[in-house]
Amino acid sequence: MNNITNIDEVAIPTHDELSRQGLISSLRKYVMKDISAEMSQAYETRVKPEFIASHGREPSDGEEVRAIISDSLTYKMWSSIRYNAQEMVWESVREEVERHLPEMISIAKDAVSTSSYGGSLVLDKDIDIPNYVSGLDVHLMPGCWQVEHTDGDVAQGAIYANGGTVFRGSLMPSKTKSGVGASVSNWLAIRYPDFEPKKILETGCTIGTNLFPYKDIYPDAELFGIDIAAPCLRYANARAAAKNLRAHFSQQNAETLDFADNSFDLVVSSFFFHELPIRTTEKVLSECYRVLSPGGMMVHMELPPASAVDSYYNFYLDWDNEHNNEPNYRRFRAQDLDHLMTTAGFKNDNCFSVSIPDIGGVTSEEFKKVSLGELSPPQHGNYTSWCLFGAQKKL
(Lines give C-alpha, C1' and ligand atoms only; values in the text may rest on other atoms or scores of the structure.)
Protein backbone atom coordinates (compact mmCIF):
# COMPACT_ATOMS: atom_id res chain seq x y z
CA MET A 1 0.00 0.00 0.00
CA ASN A 2 1.03 3.65 -0.38
CA ASN A 3 -0.08 7.04 0.88
CA ILE A 4 -0.76 8.66 -2.49
CA THR A 5 -3.76 11.00 -2.28
CA ASN A 6 -6.56 10.32 -4.74
CA ILE A 7 -6.02 13.04 -7.32
CA ASP A 8 -9.68 12.86 -8.36
CA GLU A 9 -10.71 14.17 -4.95
CA VAL A 10 -8.49 17.25 -4.89
CA ALA A 11 -10.21 19.75 -7.19
CA ILE A 12 -13.29 20.40 -5.05
CA PRO A 13 -15.72 22.93 -6.53
CA THR A 14 -17.16 25.76 -4.47
CA HIS A 15 -20.90 25.94 -3.82
CA ASP A 16 -21.39 28.27 -6.80
CA GLU A 17 -19.15 26.21 -9.09
CA LEU A 18 -21.03 23.03 -8.22
CA SER A 19 -24.36 24.73 -8.87
CA ARG A 20 -23.13 25.96 -12.24
CA GLN A 21 -21.88 22.49 -13.16
CA GLY A 22 -25.22 20.96 -12.23
CA LEU A 23 -27.01 23.49 -14.40
CA ILE A 24 -24.76 22.70 -17.37
CA SER A 25 -25.27 18.94 -16.95
CA SER A 26 -29.02 19.50 -16.89
CA LEU A 27 -28.79 21.79 -19.91
CA ARG A 28 -26.94 19.13 -21.85
CA LYS A 29 -29.58 16.56 -20.91
CA TYR A 30 -32.30 18.96 -22.07
CA VAL A 31 -30.52 19.48 -25.40
CA MET A 32 -29.66 15.83 -26.02
CA LYS A 33 -33.06 14.45 -25.03
CA ASP A 34 -35.89 17.01 -25.08
CA ILE A 35 -34.82 19.33 -27.90
CA SER A 36 -33.42 16.36 -29.84
CA ALA A 37 -36.85 14.71 -29.66
CA GLU A 38 -38.52 17.90 -30.91
CA MET A 39 -36.04 18.14 -33.78
CA SER A 40 -36.65 14.52 -34.75
CA GLN A 41 -40.39 15.13 -34.73
CA ALA A 42 -40.00 18.26 -36.88
CA TYR A 43 -37.96 16.23 -39.36
CA GLU A 44 -40.47 13.37 -39.55
CA THR A 45 -43.61 15.53 -39.75
CA ARG A 46 -42.44 18.47 -41.86
CA VAL A 47 -38.89 18.46 -43.21
CA LYS A 48 -38.77 14.93 -44.64
CA PRO A 49 -42.28 15.01 -46.16
CA GLU A 50 -41.44 18.28 -47.93
CA PHE A 51 -38.27 16.72 -49.32
CA ILE A 52 -40.14 13.62 -50.51
CA ALA A 53 -42.79 15.78 -52.17
CA SER A 54 -40.19 17.68 -54.18
CA HIS A 55 -37.71 14.86 -54.89
CA GLY A 56 -39.86 11.74 -54.96
CA ARG A 57 -37.61 9.97 -52.48
CA GLU A 58 -36.29 10.19 -48.93
CA PRO A 59 -32.93 11.87 -48.15
CA SER A 60 -30.19 9.42 -49.06
CA ASP A 61 -27.61 10.30 -46.39
CA GLY A 62 -26.82 12.51 -43.44
CA GLU A 63 -25.46 15.29 -45.61
CA GLU A 64 -28.78 15.65 -47.41
CA VAL A 65 -30.60 15.72 -44.09
CA ARG A 66 -28.25 18.41 -42.79
CA ALA A 67 -28.81 20.51 -45.89
CA ILE A 68 -32.60 20.49 -45.59
CA ILE A 69 -32.90 20.78 -41.80
CA SER A 70 -30.32 23.51 -41.23
CA ASP A 71 -32.88 26.30 -41.72
CA SER A 72 -35.22 24.81 -39.13
CA LEU A 73 -35.54 26.94 -35.99
CA THR A 74 -35.54 23.79 -33.87
CA TYR A 75 -32.22 22.71 -35.40
CA LYS A 76 -30.71 26.16 -34.92
CA MET A 77 -31.72 26.20 -31.26
CA TRP A 78 -30.50 22.61 -30.71
CA SER A 79 -27.17 23.22 -32.43
CA SER A 80 -26.41 26.58 -30.82
CA ILE A 81 -27.29 25.46 -27.28
CA ARG A 82 -25.37 22.23 -27.73
CA TYR A 83 -22.29 24.11 -28.95
CA ASN A 84 -22.40 26.63 -26.11
CA ALA A 85 -23.06 23.92 -23.52
CA GLN A 86 -19.97 22.08 -24.78
CA GLU A 87 -17.80 25.15 -24.19
CA MET A 88 -19.45 25.74 -20.82
CA VAL A 89 -18.55 22.21 -19.68
CA TRP A 90 -14.82 22.93 -19.73
CA GLU A 91 -15.13 26.49 -18.46
CA SER A 92 -17.20 25.32 -15.49
CA VAL A 93 -14.28 23.34 -14.05
CA ARG A 94 -11.38 25.58 -15.09
CA GLU A 95 -11.19 27.72 -11.95
CA GLU A 96 -11.36 24.80 -9.53
CA VAL A 97 -8.59 23.03 -11.45
CA GLU A 98 -6.40 26.14 -11.51
CA ARG A 99 -6.99 26.70 -7.79
CA HIS A 100 -5.84 23.18 -6.87
CA LEU A 101 -3.26 22.66 -9.62
CA PRO A 102 -0.11 22.92 -7.44
CA GLU A 103 -1.42 20.20 -5.13
CA MET A 104 -2.36 17.93 -8.03
CA ILE A 105 1.06 18.38 -9.64
CA SER A 106 2.67 17.46 -6.32
CA ILE A 107 0.52 14.30 -6.08
CA ALA A 108 1.43 13.31 -9.64
CA LYS A 109 5.14 13.74 -8.86
CA ASP A 110 4.78 11.66 -5.68
CA ALA A 111 3.12 8.92 -7.74
CA VAL A 112 6.12 8.80 -10.07
CA SER A 113 8.56 8.51 -7.20
CA THR A 114 6.79 5.62 -5.46
CA SER A 115 7.22 2.05 -6.67
CA SER A 116 5.02 0.28 -4.12
CA TYR A 117 2.08 -0.11 -6.53
CA GLY A 118 4.25 -1.69 -9.22
CA GLY A 119 3.31 0.70 -12.00
CA SER A 120 5.33 3.15 -14.06
CA LEU A 121 5.22 6.32 -16.13
CA VAL A 122 7.53 6.98 -19.09
CA LEU A 123 7.35 10.30 -20.93
CA ASP A 124 9.08 11.38 -24.13
CA LYS A 125 9.91 15.08 -24.14
CA ASP A 126 10.94 14.87 -27.80
CA ILE A 127 7.76 13.22 -29.07
CA ASP A 128 6.24 14.78 -32.16
CA ILE A 129 2.60 15.69 -31.49
CA PRO A 130 0.69 15.02 -34.74
CA ASN A 131 -1.18 17.90 -36.30
CA TYR A 132 -4.56 16.18 -35.97
CA VAL A 133 -4.09 16.60 -32.20
CA SER A 134 -2.09 19.83 -31.92
CA GLY A 135 -3.86 21.69 -34.71
CA LEU A 136 -7.20 22.19 -32.98
CA ASP A 137 -8.96 21.98 -29.62
CA VAL A 138 -10.75 18.64 -29.98
CA HIS A 139 -14.16 18.60 -28.24
CA LEU A 140 -13.80 22.40 -27.96
CA MET A 141 -11.62 21.78 -24.89
CA PRO A 142 -9.09 24.64 -24.67
CA GLY A 143 -5.59 23.21 -24.91
CA CYS A 144 -6.94 19.83 -26.00
CA TRP A 145 -5.28 16.95 -24.12
CA GLN A 146 -1.61 17.71 -24.58
CA VAL A 147 -0.86 21.41 -23.87
CA GLU A 148 1.47 22.02 -20.92
CA HIS A 149 1.85 25.31 -19.05
CA THR A 150 4.28 24.41 -16.28
CA ASP A 151 6.67 21.69 -15.14
CA GLY A 152 4.89 18.41 -14.41
CA ASP A 153 1.57 19.86 -15.56
CA VAL A 154 -1.61 17.80 -15.10
CA ALA A 155 -4.10 20.57 -15.84
CA GLN A 156 -5.43 19.11 -19.09
CA GLY A 157 -5.89 15.72 -17.45
CA ALA A 158 -7.78 17.34 -14.57
CA ILE A 159 -9.91 19.44 -16.93
CA TYR A 160 -10.74 16.31 -18.91
CA ALA A 161 -11.57 14.31 -15.76
CA ASN A 162 -13.71 16.93 -14.04
CA GLY A 163 -15.22 18.28 -17.25
CA GLY A 164 -16.11 14.76 -18.30
CA THR A 165 -18.16 14.36 -15.13
CA VAL A 166 -20.13 17.48 -16.03
CA PHE A 167 -20.44 16.37 -19.66
CA ARG A 168 -21.88 12.94 -18.83
CA GLY A 169 -23.75 14.26 -15.79
CA SER A 170 -27.44 13.52 -16.01
CA LEU A 171 -27.13 11.26 -19.07
CA MET A 172 -25.20 8.27 -17.72
CA PRO A 173 -27.48 5.36 -16.69
CA SER A 174 -25.45 4.72 -13.51
CA LYS A 175 -22.82 6.84 -11.76
CA THR A 176 -21.10 3.77 -10.32
CA LYS A 177 -21.52 0.95 -12.86
CA SER A 178 -21.67 2.61 -16.28
CA GLY A 179 -18.80 3.03 -18.71
CA VAL A 180 -17.02 1.59 -21.70
CA GLY A 181 -14.31 -0.32 -19.84
CA ALA A 182 -16.73 -1.93 -17.41
CA SER A 183 -19.13 -2.87 -20.20
CA VAL A 184 -16.54 -4.26 -22.62
CA SER A 185 -14.62 -6.24 -19.99
CA ASN A 186 -17.82 -7.87 -18.73
CA TRP A 187 -18.90 -8.61 -22.30
CA LEU A 188 -15.57 -10.30 -22.99
CA ALA A 189 -15.86 -12.44 -19.86
CA ILE A 190 -19.33 -13.63 -20.91
CA ARG A 191 -18.71 -14.00 -24.63
CA TYR A 192 -15.24 -15.56 -24.31
CA PRO A 193 -15.22 -17.30 -20.88
CA ASP A 194 -11.93 -19.10 -21.55
CA PHE A 195 -10.10 -15.92 -22.54
CA GLU A 196 -7.75 -14.81 -19.74
CA PRO A 197 -5.50 -11.95 -20.91
CA LYS A 198 -2.35 -11.37 -18.89
CA LYS A 199 -1.24 -8.16 -20.61
CA ILE A 200 -3.76 -5.53 -21.70
CA LEU A 201 -3.00 -2.43 -23.75
CA GLU A 202 -5.23 0.60 -24.29
CA THR A 203 -4.33 2.99 -27.09
CA GLY A 204 -5.36 6.60 -26.54
CA CYS A 205 -5.91 5.92 -22.84
CA THR A 206 -6.03 9.61 -21.74
CA ILE A 207 -6.60 9.48 -17.95
CA GLY A 208 -7.15 5.71 -17.63
CA THR A 209 -10.90 5.77 -16.99
CA ASN A 210 -11.68 2.94 -19.42
CA LEU A 211 -8.51 0.95 -18.72
CA PHE A 212 -8.84 0.44 -14.97
CA PRO A 213 -12.11 -1.60 -15.04
CA TYR A 214 -10.35 -4.48 -16.83
CA LYS A 215 -8.56 -5.20 -13.57
CA ASP A 216 -11.91 -6.00 -11.92
CA ILE A 217 -12.56 -8.78 -14.43
CA TYR A 218 -8.96 -9.87 -14.99
CA PRO A 219 -7.24 -9.29 -11.62
CA ASP A 220 -4.02 -11.00 -12.67
CA ALA A 221 -3.61 -8.90 -15.80
CA GLU A 222 -0.97 -6.21 -16.18
CA LEU A 223 -2.33 -2.95 -17.60
CA PHE A 224 -0.60 -0.73 -20.15
CA GLY A 225 -1.85 2.59 -21.47
CA ILE A 226 -0.34 4.80 -24.15
CA ASP A 227 -1.28 8.31 -25.18
CA ILE A 228 0.28 11.30 -26.89
CA ALA A 229 -0.62 13.69 -24.05
CA ALA A 230 1.76 13.94 -21.08
CA PRO A 231 -0.66 15.85 -18.76
CA CYS A 232 -3.25 13.09 -19.14
CA LEU A 233 -0.68 10.35 -18.57
CA ARG A 234 0.60 12.00 -15.39
CA TYR A 235 -2.97 12.24 -14.15
CA ALA A 236 -3.68 8.61 -15.09
CA ASN A 237 -0.55 7.40 -13.31
CA ALA A 238 -1.51 9.30 -10.16
CA ARG A 239 -4.95 7.69 -10.25
CA ALA A 240 -3.44 4.22 -10.62
CA ALA A 241 -1.03 4.81 -7.72
CA ALA A 242 -3.86 5.90 -5.41
CA LYS A 243 -5.82 2.77 -6.39
CA ASN A 244 -2.74 0.54 -6.00
CA LEU A 245 -3.28 -0.68 -9.55
CA ARG A 246 -0.29 -2.05 -11.40
CA ALA A 247 -0.50 0.00 -14.58
CA HIS A 248 2.23 1.18 -16.92
CA PHE A 249 1.72 4.43 -18.83
CA SER A 250 3.93 5.69 -21.60
CA GLN A 251 3.85 8.62 -23.99
CA GLN A 252 3.68 7.12 -27.45
CA ASN A 253 2.09 7.63 -30.82
CA ALA A 254 -0.15 4.65 -31.58
CA GLU A 255 1.05 4.72 -35.20
CA THR A 256 4.48 3.45 -34.10
CA LEU A 257 4.19 1.54 -30.83
CA ASP A 258 7.35 0.95 -28.83
CA PHE A 259 6.47 -2.65 -28.00
CA ALA A 260 7.78 -5.92 -29.38
CA ASP A 261 5.74 -8.15 -31.66
CA ASN A 262 3.24 -10.45 -29.91
CA SER A 263 3.44 -8.48 -26.64
CA PHE A 264 -0.22 -8.29 -25.59
CA ASP A 265 -3.20 -10.58 -25.17
CA LEU A 266 -5.78 -7.80 -25.44
CA VAL A 267 -5.66 -4.41 -27.17
CA VAL A 268 -8.54 -1.98 -26.62
CA SER A 269 -9.56 1.63 -27.16
CA SER A 270 -12.56 3.88 -26.51
CA PHE A 271 -13.78 6.76 -28.70
CA PHE A 272 -10.31 6.85 -30.27
CA PHE A 273 -10.40 6.12 -33.99
CA HIS A 274 -12.86 8.80 -35.06
CA GLU A 275 -10.26 11.40 -34.03
CA LEU A 276 -7.71 10.01 -36.51
CA PRO A 277 -7.23 10.54 -40.23
CA ILE A 278 -7.98 7.35 -42.16
CA ARG A 279 -4.36 6.74 -43.17
CA THR A 280 -3.44 6.99 -39.49
CA THR A 281 -6.24 4.58 -38.58
CA GLU A 282 -4.77 2.03 -40.97
CA LYS A 283 -1.33 2.39 -39.35
CA VAL A 284 -2.74 2.07 -35.84
CA LEU A 285 -4.71 -1.07 -36.67
CA SER A 286 -1.60 -2.60 -38.23
CA GLU A 287 0.27 -1.86 -35.01
CA CYS A 288 -2.54 -3.44 -32.98
CA TYR A 289 -2.17 -6.58 -35.07
CA ARG A 290 1.62 -6.58 -34.72
CA VAL A 291 1.71 -6.29 -30.93
CA LEU A 292 -1.08 -8.84 -30.37
CA SER A 293 0.00 -12.35 -29.52
CA PRO A 294 -1.54 -15.22 -31.53
CA GLY A 295 -4.98 -15.90 -30.10
CA GLY A 296 -5.10 -12.38 -28.67
CA MET A 297 -8.14 -10.13 -28.98
CA MET A 298 -8.55 -6.60 -30.30
CA VAL A 299 -11.71 -4.75 -29.15
CA HIS A 300 -12.36 -1.10 -29.99
CA MET A 301 -15.42 0.87 -28.91
CA GLU A 302 -16.52 3.40 -31.51
CA LEU A 303 -19.48 5.19 -33.02
CA PRO A 304 -21.83 3.13 -35.19
CA PRO A 305 -20.73 3.05 -38.84
CA ALA A 306 -22.80 5.07 -41.29
CA SER A 307 -24.01 1.90 -43.00
CA ALA A 308 -25.62 0.67 -39.76
CA VAL A 309 -27.99 3.60 -39.14
CA ASP A 310 -30.46 5.69 -41.15
CA SER A 311 -29.85 9.05 -42.81
CA TYR A 312 -31.30 11.10 -39.97
CA TYR A 313 -29.14 9.46 -37.31
CA ASN A 314 -26.08 9.90 -39.51
CA PHE A 315 -26.85 13.61 -39.66
CA TYR A 316 -27.36 13.64 -35.88
CA LEU A 317 -24.09 11.89 -35.10
CA ASP A 318 -22.03 13.84 -37.61
CA TRP A 319 -22.84 17.19 -35.98
CA ASP A 320 -19.51 16.78 -34.18
CA ASN A 321 -17.68 16.74 -37.51
CA GLU A 322 -18.55 20.37 -38.22
CA HIS A 323 -19.07 21.79 -34.73
CA ASN A 324 -16.96 19.90 -32.17
CA ASN A 325 -13.53 20.10 -33.80
CA GLU A 326 -13.58 16.46 -34.89
CA PRO A 327 -12.93 16.69 -38.65
CA ASN A 328 -12.32 12.94 -39.13
CA TYR A 329 -15.60 11.91 -37.52
CA ARG A 330 -17.72 11.44 -40.65
CA ARG A 331 -14.92 9.97 -42.72
CA PHE A 332 -14.17 7.29 -40.15
CA ARG A 333 -17.82 6.33 -39.81
CA ALA A 334 -18.03 5.87 -43.59
CA GLN A 335 -15.33 3.18 -43.56
CA ASP A 336 -15.85 -0.56 -43.98
CA LEU A 337 -14.56 -1.81 -40.63
CA ASP A 338 -13.98 -5.38 -41.82
CA HIS A 339 -11.88 -4.05 -44.69
CA LEU A 340 -9.81 -1.93 -42.30
CA MET A 341 -9.17 -4.93 -40.06
CA THR A 342 -8.32 -7.38 -42.83
CA THR A 343 -5.99 -4.82 -44.39
CA ALA A 344 -4.22 -4.68 -41.02
CA GLY A 345 -3.68 -8.46 -41.14
CA PHE A 346 -6.68 -10.00 -39.39
CA LYS A 347 -8.57 -12.82 -41.07
CA ASN A 348 -12.10 -11.90 -42.14
CA ASP A 349 -13.63 -14.88 -40.31
CA ASN A 350 -12.10 -13.63 -37.05
CA CYS A 351 -13.50 -10.08 -37.31
CA PHE A 352 -16.66 -8.87 -35.56
CA SER A 353 -18.86 -5.81 -35.10
CA VAL A 354 -21.41 -5.90 -32.28
CA SER A 355 -23.42 -3.60 -30.05
CA ILE A 356 -23.72 -4.15 -26.31
CA PRO A 357 -25.68 -2.34 -23.59
CA ASP A 358 -24.07 -0.06 -21.07
CA ILE A 359 -23.69 -2.35 -18.08
CA GLY A 360 -25.18 0.24 -15.77
CA GLY A 361 -28.34 0.61 -17.82
CA VAL A 362 -29.67 -2.95 -17.83
CA THR A 363 -29.98 -5.87 -15.43
CA SER A 364 -27.17 -8.41 -15.24
CA GLU A 365 -29.44 -11.00 -16.86
CA GLU A 366 -30.27 -8.66 -19.76
CA PHE A 367 -26.58 -7.86 -20.21
CA LYS A 368 -25.73 -11.55 -20.34
CA LYS A 369 -28.44 -12.30 -22.89
CA VAL A 370 -27.29 -9.50 -25.20
CA SER A 371 -23.68 -10.61 -24.83
CA LEU A 372 -24.64 -14.13 -25.90
CA GLY A 373 -26.78 -12.90 -28.81
CA GLU A 374 -30.06 -13.95 -27.19
CA LEU A 375 -31.44 -10.40 -26.90
CA SER A 376 -31.11 -7.24 -28.98
CA PRO A 377 -29.15 -4.34 -27.45
CA PRO A 378 -30.81 -0.99 -26.69
CA GLN A 379 -30.88 1.58 -29.46
CA HIS A 380 -27.68 3.61 -29.64
CA GLY A 381 -27.67 7.07 -28.07
CA ASN A 382 -26.90 8.90 -24.82
CA TYR A 383 -24.79 6.10 -23.32
CA THR A 384 -27.45 3.39 -23.65
CA SER A 385 -25.21 1.09 -25.70
CA TRP A 386 -21.70 0.76 -27.09
CA CYS A 387 -20.66 -0.24 -30.62
CA LEU A 388 -17.65 -2.53 -30.77
CA PHE A 389 -15.46 -3.71 -33.61
CA GLY A 390 -12.52 -6.03 -33.34
CA ALA A 391 -10.93 -9.34 -34.17
CA GLN A 392 -9.02 -12.27 -32.77
CA LYS A 393 -5.53 -12.83 -34.10
CA LYS A 394 -5.24 -16.26 -35.65
CA LEU A 395 -3.22 -18.81 -33.69
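The structure we're discussing is the one just above.
Residues numbered from 1 in each chain as written. Predicted model: local features only at pLDDT ≥ 70, side-chain atom pairs only at ≥ 80, totals over all residues. Heavy atoms only, no water.

A few points about the overall build of the protein chain
Then, number 1: Assigned secondary structure in the protein chain consists of 14 helices and eight strands.
Then, number 2: For the protein chain, whose C-alpha radius of gyration is 21 Å, the value lies close to the compact-globule estimate of 21 Å for 395 residues.
Then, number 3: Along the longest, intermediate and shortest principal axes, the C-alpha atoms of the protein chain span 70 × 55 × 45 Å.
Then, number 4: For the protein chain, with 395 residues in total, the buried portion stands at 54%.
Then, number 5: Across the protein chain, every contact between residues at least 6 apart in sequence was considered, and the portion connecting residues at least 24 apart equals 79%.
Then, number 6: For the protein chain, the computed accessible surface area is about 17,600 Å², with 49% contributed by carbon and sulfur atoms. (Helix = DSSP H or I, 4+ residues; strand = E, 2+ residues; numbered from the N terminus. Rg over C-alpha atoms; globule rule 2.2 N^0.38 Å. Buried < 20%, exposed > 50% of the residue type's maximum accessible area, 1.4 Å probe, protein only. Contact = heavy atoms within 4.5 Å. Areas by Shrake-Rupley, 256 points an atom, 1.4 Å probe, with all protein chains shown as cover.)

Concerning the packing of aromatic side chains
Then, number 1: A complete count under the given rule lists 23 aromatic pairs for this structure.
Then, number 2: Between R28 and the ring centre of F167, over which it is positioned, the NZ or CZ distance is 3.6 Å.
Then, number 3: Geometry around Y192 places R191 over its ring, the cationic atom sitting 5.2 Å from the centre. (Phe/Tyr/Trp six-rings, centres within 6.5 Å; stacked < 30°, edge-to-face > 60°. Lys NZ or Arg CZ within 6 Å of the ring centre and 35° of its normal.)

Side note on the pairing of strand β5 (residues 264-270)
Then, number 1: Burial of β5 is extensive: six of the seven residues sit out of reach of the surface.
Then, number 2: One ladder, built from three bridges, connects strand β2 (residues 199-203) with β5; its direction is parallel. From the neighbouring strand, I200 faces β5, where its bridge partner is L266.
Then, number 3: When β5 meets strand β6 (residues 292-302), the two strands line up parallel, connected through six bridges. Bridging across to β6, L266 finds its partner in M297. (Pairing = 2+ DSSP bridges.)

Describing the sheet that holds strand β4 (residues 247-251)
Pairing between the strands of a sheet comes from backbone hydrogen bonds, and it takes one of two forms, parallel or antiparallel.
Then, number 1: Across the sheet, eight strands lie side by side as β1-β4-β3-β2-β5-β6-β8-β7; this open sheet has mixed pairing. Looking at the sheet topology across the chains shown, the edges are occupied by β1 (120-122) and β7 (351-357). With direction set aside, neighbouring strand axes in the sheet form an average angle of 20°.
Then, number 2: For strand β3 (residues 222-227) and β4, the ladder comprises five bridges, and the chain directions are parallel. Along β4, the bridge assignment pairs G225 with F249.
Then, number 3: Sheet strands in contact with helix α9 (residues 278-291) are β2, β5, β6 and β8 (385-392), and its direction is about 145° off that of β6. (Axes fitted to C-alpha atoms, helices over the stretch in contact; angles between N-to-C directions.)

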